[in-house]
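The lines below spell out each chain.
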Amino acid sequence: MSRKTAVVTGASSGIGAATARALAGAGFDVVLGARRADRLAEVAAECGGTALPLDVTDEASVADFAAAVERCDVLVNNAGGAFGLDSIAGADLDAWQRMYDVNVLGTARITKALLPKLVASGDGQVVVIGSIAGHQPYPGGGGYNAAKHAEAAITRVLRMELLGEPVRVCEVDPGMVETEFSLVRFEGDQGRADAVYAGMTPLVAADIADAVAWVATRPAHVNIDQITITPRDQAGAQLVHRRQ
């Protein structure tokens, strides 16, 4: 039998890169997509995968990427991110638009483009990397909360719409994971990013990747609908135990 192919978006770093490595280790051929070509190539070389340029906010980029993917058994929608921590009253609506474009429309674009190949595989899976922010809103998170709630909604609708088709759908919602996430959110402010995880032990990217690999290797009749993964030190979006 030929090896299955897993496609991972946002695979140049963090959860995406770790997921590509984990799926390669689980026996998948891996296709990695992201905007940062140099870093993407490095990750692809590490896991023996294929690196392809991808901007999920650009229709032409998604079309070119999907055309280059010959087979797709698993699609991991990881591309996403948060920008800023403004109140609603002080919202930067351009940042809100960017969050909606990458988290929601990006997931919709690439899923739509690869869905025929997922169905044709006879045992496809769509895994969406959401967030605890898609279940628990918090002050300052309005734009990101809205985007992740929307991403969760389309994931659940997709599950309903694919009932009867040979495609499974899973939503993986991490809590606090120490990656570049906070550094991007705070526009490169390392001190502010480090403060997010001060005094507690966050998850690391490999923790989420392990869960994705487990989901992707379940028997064909088993659909894992949703997983929320948090550190022991976190019991809610903003309920965190910090040691002095």
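Below or above, wherever it landed, is the structure these notes cover. Only a predicted model underlies this, so the values are computations on that prediction, with no experimental measurement involved. (Residues numbered from 1 in each chain as written. Predicted model: local features only at pLDDT ≥ 70, side-chain atom pairs only at ≥ 80, totals over all residues. Heavy atoms only, no water.)

**Section: the overall build of the protein**
Applied cut-off: Starting at the N terminus, helices and strands are each numbered in turn, a helix being any DSSP run of H or I of at least four residues and a strand any DSSP run of E of at least two. The globule rule used here is 2.2 Å times the number of residues to the 0.38 power, and the radius of gyration it is set against is calculated over C-alpha atoms. Only protein chains enter the area calculation, which uses a 1.4 Å probe; residues under 20% of their type maximum are buried, those over 50% are exposed, and those in between are partly exposed.
From N to C terminus, the protein includes eight helices and nine strands. By the compact-globule yardstick of 18 Å for 244 residues, the protein fits well, its C-alpha radius of gyration being 17 Å. With respect to the three principal axes, the spread of C-alpha positions in the protein is 55 × 35 × 35 Å. When the 244 residues of the protein are sorted by exposure, 50% land in the buried category.

**Things to note about helix α1 (residues 14-25)**
To keep it simple, the criterion reads: The span you would expect from a helix comes to 1.5 Å times its residue count less one. Here a residue-residue contact requires only that any non-hydrogen atoms of the pair lie within 4.5 Å.
With 12 residues, α1 should cover 16 Å at 1.5 Å per step; its first-to-last C-alpha distance of 17 Å lies within 8% of that length. Buried within α1 we find I15, G16, A17, A18, T19, A20, A22, L23 and A24. Where α1 is buried, its residues touch β1 (5-9), β2 (29-34), α2 (37-47), β4 (74-77), β6 (167-174) and α8 (205-216). Following α1 by one or two positions, G27 adopts a phi angle in the positive range, close to 105°.

**A look at the sheet that holds strand β7 (residues 226-229)**
Using the following cut-off: DSSP calls a pair of strands paired once it identifies at least 2 bridges connecting them. Axes here refer to lines fitted to C-alpha atoms; in helices the fit is confined to the stretch in contact. Angles between the N-to-C directions go from 0 to 180 degrees.
A sheet is described by the order of its strands in space; here seven strands give the open sequence β3-β2-β1-β4-β5-β6-β7, paired in parallel fashion. Only two strands of the sheet have a single partner each, and these edge strands are β3 (50-53) and β7. Each strand axis lies, on average, 15° off the axis of its neighbour in the sheet, ignoring direction. Pairing of β1 with β2, which is carried by five bridges, proceeds in the parallel orientation. Looking at β2, one finds that A6 is bridged to V30. In this fold α2 packs onto β2 and β3, with an angle of close to 170° to the strand it touches most, β2.

**Comments concerning the packing of α1 against α2**
To keep it simple, the criterion reads: Any angle between 65 and 115 degrees counts as roughly perpendicular, while under 35 counts as roughly parallel, over 145 as roughly antiparallel, and the rest as oblique. Throughout, a crossing is termed right-handed when the near helix is turned clockwise from the far one, and left-handed when it is turned anticlockwise from it by less than a right angle.
Two numbers describe how α1 lies on α2: the axes approach to 9 Å, and their chain directions differ by 20°. Here α2 runs roughly parallel to α1, going by the angle between their axes. α2 is crossed by α1, and the crossing has right-handed handedness. Contacts from A17, A20, R21 and A24 in α1 reach V43, E46 and C47 in α2.

**Some points on the side chain of S13**
For S13, the location among the structural elements is in the loop between β1 and α1. The contacts of S13, once residues within four sequence positions are left out, are R36, R39 and E180.

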